[in-house]
Structures are given as structure tokens and as C-alpha cells.
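Inside the fold
Chain by chain, the residues run as shown.
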Amino acid sequence: MENRHQLVIVVGSVREGRFGPVVASWVAEQAVVHGGFDVHVVDLAEIDIPLELPAASPKSAGDAYPRPAGMAALTSALESADAFVIVTPEYNHSYPASLKAAIDWHFTQWTAKPVAFVSYGGAAGGRHAVLHLENVLTELHAVTIRDGLTFPNYFTAWQDGRPVGLEAAGYAKTVLDQLAWWAAALRSARDTVPYPA
């Protein structure tokens, strides 16, 4: 289908014993069932992401930005994406350092593209992490999707790799519908007029 969008699902946690890959796998399954996306899962635990950044910003350096060779697959995936889903836990009322580093090594790859969030955690379900991510990605001129998926107390709310509640798939479809709408609108806009960043 030529109207399918390239969706990159980012697994944001690299912590030992993390639950993120389970959540990302389920989200990918929902996106495939949705039918509007070609789905690619990027696991930050498989990528070399240094915390030390070059002196120049990725916005000003553009294609000349000196990223490590081990980051090439991540950069390529972000560049080719029409839309993103970020899967994040909540660490101390925010999101993981691995995710911040991956975001900070890039700029134009996020610009004028939609981002949805799927979070998990304790009582808040990762919502504090998402609030912080919305601020960061807005600074990069990404378009954050208002609706998202939040899984409080994931350790009791999931069984056999799936959410226990049947309503989760319906919520996922709503988020993916909105993400597909924004992906189409923003891709058309980028193709028509370069974004004035």
C-alpha cells in the first residue's frame, strides 16, 4: 500500500531486566494489525550511544554532524521515519538517560514528524516521563500526539506479553489512527514546502 507510513518504535530503556521490549513487541503487533504502517523497532540497548556530545549542535551541523559509526542504524531509522512511538518507563519522575542521549544526538530527524508515547511504570504509569518527553520533542519541532497509552503497575497489568485488560487494543487503535493522520498530513506538508526550522 503506497499510503503506508514508516513507523519507528523506540525502546527507550536499556536497564537490566527491563520490560520495554515486551511493551514494544505488543505495540508493534498492534501497528501491524492497524495496517497503516511499515513497522521497525529500534532497541536502544543494541546501539552505542555515548553521553558525551560534539561541540557543534546537530541542528547547525546537519549531515556533517560527527556521530559514532555504531549509531548509523539509529540515525538512518529516524531519518526515514514518518512517525514514531516512544516506549518509555519512568525513572525518578522522568525518562531514561539512554533515551535523552539518543534524542540529543539528533535534531532534523525528529522535525515536523509526529510522536506518540507508550509508557509504563508504577502508580503513575510513566506519565511523568511522557510529560518531560513532550517538552523535549516540542523543542525539536516534532509534533507530539495528545493521546497515548499508559500502563500503571505493569508488573500486575500484563500477562504472557499482553495487557490484561481487553480495552488496551482499542486505545492503541485510537493512538495509531491519530498517528497515521498526522504522519500523512506532515509528510504531505514536508513534501510540499520545506519546514522553516
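Preceding this paragraph is the structure being described.
Summary of the structure given here. Residue positions are given per chain, counting from 1 as you read along its sequence in written order. The predicted nature of this model means local features are confined to residues of pLDDT at least 70 and side-chain atom pairs, given and counted, to a pLDDT of 80 or more, with totals for whole chains, interfaces and linings taken over all residues. Side-chain figures throughout are based on the complete set of non-hydrogen atoms in the structure, without hydrogens or water.

1. Some details on the pairing of strand S1 (residues 5–11)
Summary of the burial criterion: residues with accessible area below 20% of their type's maximum are buried, those above 50% are exposed, and those between are partly exposed, where the area comes from a 1.4 Å probe applied to protein chains only. Secondary structure elements are defined from DSSP: runs of H or I of at least 4 residues count as helices, runs of E of at least 2 residues count as strands, and each element is numbered from the N terminus. Burial runs high along S1: 6 of the 7 residues are buried. We treat two strands as partners when DSSP finds at least two bridges between them. Where S1 meets strand S2 (residues 37–43), 7 bridges bridge the pair, whose relative direction is parallel. Bridging across to S2, Val-11 finds its partner in Asp-43. The handedness rule is simple: strands pointing away from the viewer, and a clockwise path from the first strand over the helix to the second, make the crossover right-handed. Taken together, S1, helix H1 (residues 20–34) and S2 form a β-α-β motif whose crossover is right-handed. Sheet topology note: the S1/strand S3 (residues 83–89) ladder contains 5 bridges and is parallel. Across the sheet, residue Val-8 finds its bridge partner in S3, namely Phe-84.

2. Considering the pairing of strand S4 (residues 114–120)
Most of S4 is tucked away: 7 of the 7 residues are buried. Taken together, the 6 bridges between S3 and S4 define a ladder with parallel strand orientation. The partner of Thr-88 across the bridge, within S4, is Ser-119. Once you follow S3 into helix H4 (residues 97–104) and on to S4, the crossover reads as right-handed. With 2 bridges joining them, S4 and strand S5 (residues 143–144) adopt parallel strand pairing. Bridge pairing links Pro-114 to Val-143 in S5. As paired elements, S4 and strand S6 (residues 149–151) share 3 bridges and run parallel to each other. Looking at S6, one finds that Val-118 is bridged to Leu-149.

3. A few points about the packing of aromatic side chains
For Phe, Tyr and Trp, rings pair up if their centres lie within 6.5 Å, where Trp contributes its six-membered ring, and each pair is then called stacked (planes under 30 degrees apart), edge-to-face (over 60) or tilted (otherwise). In this structure the tally under the stated criterion is 11 aromatic pairs. Measuring from ring centre to ring centre gives 5.1 Å for Trp-181 and Trp-182, while their planes differ by 85°; the resulting arrangement is edge-to-face. An aromatic cluster is present here, built from Phe-19, Trp-26, Tyr-120, Phe-151, Tyr-154, Phe-155 and Trp-158 joined pairwise through their rings. Throughout this description, the term charge over a ring refers to an Arg CZ or Lys NZ atom that lies within 6 Å of the ring centre and within 35 degrees of the ring normal. Its guanidinium or amino end placed over the ring of Tyr-91, Arg-15 lies 4.5 Å from that ring's centre, counting from NZ or CZ.

4. Thoughts on the environment of Ala-61
As for its position among the elements, Ala-61 is in helix H2 (residues 58–61). Along the chain, Ala-61 and Phe-107 lie 46 residues apart, while their C-alpha atoms are 10.0 Å from each other.

5. With respect to the packing of H4 against helix H5 (residues 127–139)
Where H4 contacts H5, the axes come no closer than 11 Å and their chain directions differ by 10°. Compared by their axis directions, H4 and H5 come out roughly parallel. Taken together, the residues of H5 that come into contact with H4 (itself represented by Leu-99, Lys-100 and Ile-103) are Leu-133, Val-136 and Leu-137. The residue makeup of the contact of H4 with H5, split by class, is 5 nonpolar, no polar and 1 charged. Fitted lines through C-alpha atoms give the axes, limited to the stretch in contact for helices. The angle between two N-to-C directions lies from 0 to 180 degrees. Oblique is the label for any angle not under 35 degrees, not over 145, and not in the 65 to 115 range, which are roughly parallel, roughly antiparallel and roughly perpendicular in turn. The contact criterion used is simple: two residues touch if any of their non-hydrogen atoms lie within 4.5 Å. Nonpolar residues are Ala, Val, Leu, Ile, Met, Phe, Trp, Tyr, Cys and Pro. Charged residues are Asp, Glu, Lys and Arg, and all others, Gly as well, are polar.

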